[in-house]
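A look at the structure
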Amino acid sequence: MLSENLEDITSKTNGSWAHLGAELVYMQDSTGRYLTFWCQHSESLGFDPKQIVEDQSSKEYAFTPVDKGAYMEKLQRIFTTLIPQKYQCWFCYGQQLFELELVISPIMPPKAYTPTTVFVMGRLLQAAVSKEENLTSQISVELDSAISSQRHHKLINQITRNIRRTLDLDIIWQQTVDSLGEALQLKRCIICPYQSSHTKVQVIAEYRQPSVSSMLGLEIDIASEPGFAQALATLQPILAKNPQHPQFDQQRMLVVATCHQDQPNGLIALSLGKKCCAISAEELAIAKDVADQLGTAIAHATLYKELEQARQQAEQATRRIREFLANVTHELRTPLNGIIGFLKLILEGMADDPEEQRQFLEEAHKSSLYLLDIINDMLDIARIEAGKMELELRSVMLDELFSDIESFMRPQAEGRNLSFQMNMPVTSDEIIVYGDYQRLKQVMLNLLSNAIKFTHEGGITVTTDVVRKKVTFQDQQFPGMVRVRVADTGIGVSLDKQDKLFQLFSQVDSSRTRQYGGTGLGLAISQKLVEAMGGEVNFYSLGEGLGSTVTFTVPLYQQPVMVSSSDSDSQA
């Protein structure tokens with residue numbers, strides 16, 4: 001607003017401002033002195049606009065803000081920013097109080113950069129008027145109430161600004177308790193996050209006076225604190241008169257549940273002290289406003305944290321897939337180059353005799369089988385991830401399965417000068433498990449192939465034992481589980497890398513993969529297959545160079561008769 005318009009502005013004292021919704025119009029300089037004053041309801045309210053402007057030193061006719069410091073601070077901010085602002089505050093005139101909603105605009109002088117005058121338009125929200133003579137105490141109470149209301153609104157605005165500046169939950173919680181504790185001069189203020197699945201809450205942020213012991217990190221049983229349970233159930237501020245936790249010192253406490261979309265996500269507890277005065281309805285409403293603001297901030301910050309974690313996991317998964325694809329590309333090319341190379345030698349007549357030609361064909365055939373294994377692993381993973389892996393679950397003779405596995409794997413182990421043992425528990429009848437024969441065979445071949453591949457000396461030992469504990473799988477009850485152990489004396493795995501063994505597209509050591517070959521999918525596939533058959537897979541190793549043991553379980557179809565009771569005891 002430019003100062004050239006001042007004459008027009010000050011001349012409109014005939015009520016034309018009312019058409020713009022203005023019930024009050026005045027101008028002030030930077031010290032708060034009135035230059036002009038007009039009020040639509042001057043007569044009914046007992047105002048004397050002329051005396052308000054001319055006799056500003058008189059307390060009887062002074063029209064002043066209740067919280068003059070805050071009002072002058074607002075004026076100075078407007079002079080500095082040159083931006084008009086809305087402001088809601090209380091004014092007093094004689095023995096009367098008025099709550100006003102104002103729009104304060106700086107008036108720009110023509111040849112100066114810094115304005116020194118403001119133009120104010122406003123409307124009356126409410127008035128506290130009394131015609132009795134002795135009203136000193138009443139006005140004092142009303143003034144205190146007005147100042148308190150302004151301070152509380154300022155506190156809400158401050159907390160709102162703070163929590164909107166960050167999405168860090170720890171900062172949001174701590175700034176909130178600090179703001180509440182300092183502004184309200186509390187003995188203690190705590191915040192506890194809440195999840196509906198939990199029966200306890202933990203103090204995650206705290207403001208306290210130095211004489212009060214800390215509750216930070218303590219867990220509080222919701223059922224033992226009726227105020228907590230009631231606040232969570234009603235989502236309304238609750239005044240708890242006798243809190244049960246010993247560190248609350250049985251002092252009155254205001255408990256408010258923070259919520260988002262009517263779902264509680266936290267609790268704020270304010271210790272009021274034994275001599276605290278009664279809490280007004282307005283103060284309860286302010287507490288509810290703070291809790292709602294905080295509940296929304298907690299929900300947004302939690303969502304951001306979850307999205308950030310999901311983004312990091314996606315990036316890690318993408319990185320693992322890239323590393324996997326780079327390794328698989330090498331694994332696919334190696335057998336393909338072998339197949340192409342040996343067939344080319346035959347086609348170009350490079351074989352000296354039929355025997356050498358047969359050797360070339362055998363090498364090409366061996367490479368093709370290796371390539372088929374890699375492709376099968378990739379297809380198995382794709383089917384498992386898509387939930388399309390079909391299993392033919394039925395009774396399986398463990399002895400038959402072991403015999404089949406031993407005939408295939410023993411020559412490979414002995415070809416590397418490794419010992420190979422497969423031990424079955426001594427029973428008077430067959431051990432029968434419940435599973436898919438081909439998939440159980442695939443799991444054991446994967447585990448034994450890894451054991452042979454990563455063992456340079458020593459050997460591999462396969463043992464089984466029966467765990468007599470009833471289990472339920474697919475709504476069917478089984479008398480126990482059979483545990484199979486594959487132990488080797490190989491290179492082992494360091495403790496810090498073992499958690500990567502069962503991750504898809506993740507390899508413990510890419511240099512090891514290049515040295516030994518393979519896609520690294522064997523253990524992941526085995527785990528998925530065993531879990532689909534109602535069992536579980538575990539890996540154990542004391543560290544590099546100390547060998548490793550892989551165990552898996554499968555449901556026992558029927559209880560065998562054990563020959564030795566000592567064996568049974570060791571298996572339990």
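Each value, and the rule that gives it
Residues numbered from 1 in each chain as written. Predicted model: local features only at pLDDT ≥ 70, side-chain atom pairs only at ≥ 80, totals over all residues. Heavy atoms only, no water. Helix = DSSP H or I, 4+ residues; strand = E, 2+ residues; numbered from the N terminus. Buried < 20%, exposed > 50% of the residue type's maximum accessible area, 1.4 Å probe, protein only. Core = buried A, V, L, I, M, F, W, Y, C linked by side-chain atoms within 4.5 Å. Contact = heavy atoms within 4.5 Å. Pairing = 2+ DSSP bridges. Axes fitted to C-alpha atoms, helices over the stretch in contact; angles between N-to-C directions. Polar contact = N/O pair within 3.5 Å; in protein donor to acceptor, adjacent residues only side chain to side chain. Parallel < 35°, antiparallel > 145°, perpendicular 65-115°, else oblique. Left-handed = near helix turned anticlockwise from the far one by under 90°. Salt bridge = Lys/Arg side-chain N within 4 Å of Asp/Glu carboxyl O.

Another aspect to go through is unusual backbone geometry. Look at Leu235: it is not a glycine, yet its phi comes out positive at around 60°. Inspection of the secondary structure assignment puts Leu235 in the loop between helix 7 (226–234) and strand 11 (238–240). Overall, Leu235 belongs to the buried group, its relative accessible area being 13%. One non-glycine residue, Gln474, lies in the positive phi region at around 55°. For Gln474, a relative accessible area of 52% gives the class exposed.

Next up on the list: the nonpolar core. The biggest cluster of nonpolar side chains holds 45 residues, and the ones touching the most others in it are Met444 and Phe552. Looking at which element gives the most residues to this core, the answer is helix 11 (residues 437–453), with nine residues. When residues no more than four places from it in sequence are discounted, the contact partners of Phe552 are Leu440, Val443, Met444, Leu447, Val482, Arg483, Val484, Val530, Glu536 and Val537. In terms of nonpolar packing, the next biggest core, distinct from the first, is built from 26 residues, Leu169, Ala205, Leu272 and Ala301 among them.

Attention now goes to the sheet that holds strand 7 (residues 188–193). Taken in spatial order, the five strands line up as 9-7-13-12-11 in an open sheet, and their pairing is antiparallel. A single partner strand is all that each edge strand has here, and the edge strands are strand 9 (205–208) and strand 11. The sheet shows a mean angle of 20° between the axes of neighbouring strands, taken without regard to direction. Judged from the six bridges that link them, strand 7 and strand 13 (residues 263–271) form a sheet pairing that is antiparallel. Paired with Pro193 across the bridge in strand 13 is Gly266. The strands that helix 6 (residues 169–184) touches are strand 7, strand 9 and strand 13; relative to strand 9, the one it contacts most, it runs at about 20°.

Once that is clear, we can look at the side chain of Ser541. Looking at the secondary structure, you find Ser541 in the loop between strand 21 (537–540) and strand 22 (548–558). A distance of 3.1 Å separates a polar atom in the side chain of Ser541 from the backbone nitrogen of Val493. The contacts of Ser541, once residues within four sequence positions are left out, are Gly492, Val493, Leu495, Gln498, Gly547 and Ser548.

Here we take up the environment of Val255. With respect to the helices and strands, the residue Val255 is situated in strand 12 (residues 253–260). Considering only alpha carbons, one finds Val255 and Ile268, 13 residues apart in sequence, at a separation of 5.7 Å.

Before going further, it helps to examine the packing of helix 9 (residues 354–385) against helix 13 (residues 522–532). Running from amino to carboxyl end, helix 9 crosses helix 13 at an angle of 45°, the nearest separation of the two axes being 10 Å. One finds that helix 9 runs oblique with respect to helix 13. In the crossing of helix 9 with helix 13, the sense of the turn from one axis to the other is left-handed. For the pair helix 9 and helix 13, the contacting residues are Asp377, Asp380, Ile381, Ile384 and Glu385 in the first and Ile525, Lys528 and Leu529 in the second.

Any two side chains of opposite charge can pair, given that their charged atoms come close. The final tally for this structure, using the stated rule, is 17 salt bridges. Among the salt bridges present, the one from Lys288 reaches Asp292, with a minimum N-O distance of 2.9 Å. On the criterion of helical spacing, the pair formed by Lys288 and Asp292 is a turn pair, its members being four residues apart in helix 8 (residues 281–347). Using a relative accessible area of 25% as the deciding quantity, one classes Asp292 as partly exposed. The residue Glu315 makes a salt bridge to Arg311 at a minimum N-O spacing of 2.5 Å. Taken as a pair, Glu315 and Arg311 lie in helix 8 at a separation of four residues, close to a single helical turn. Residue classification places Glu315 among the partly exposed positions, given a relative accessible area of 41%.

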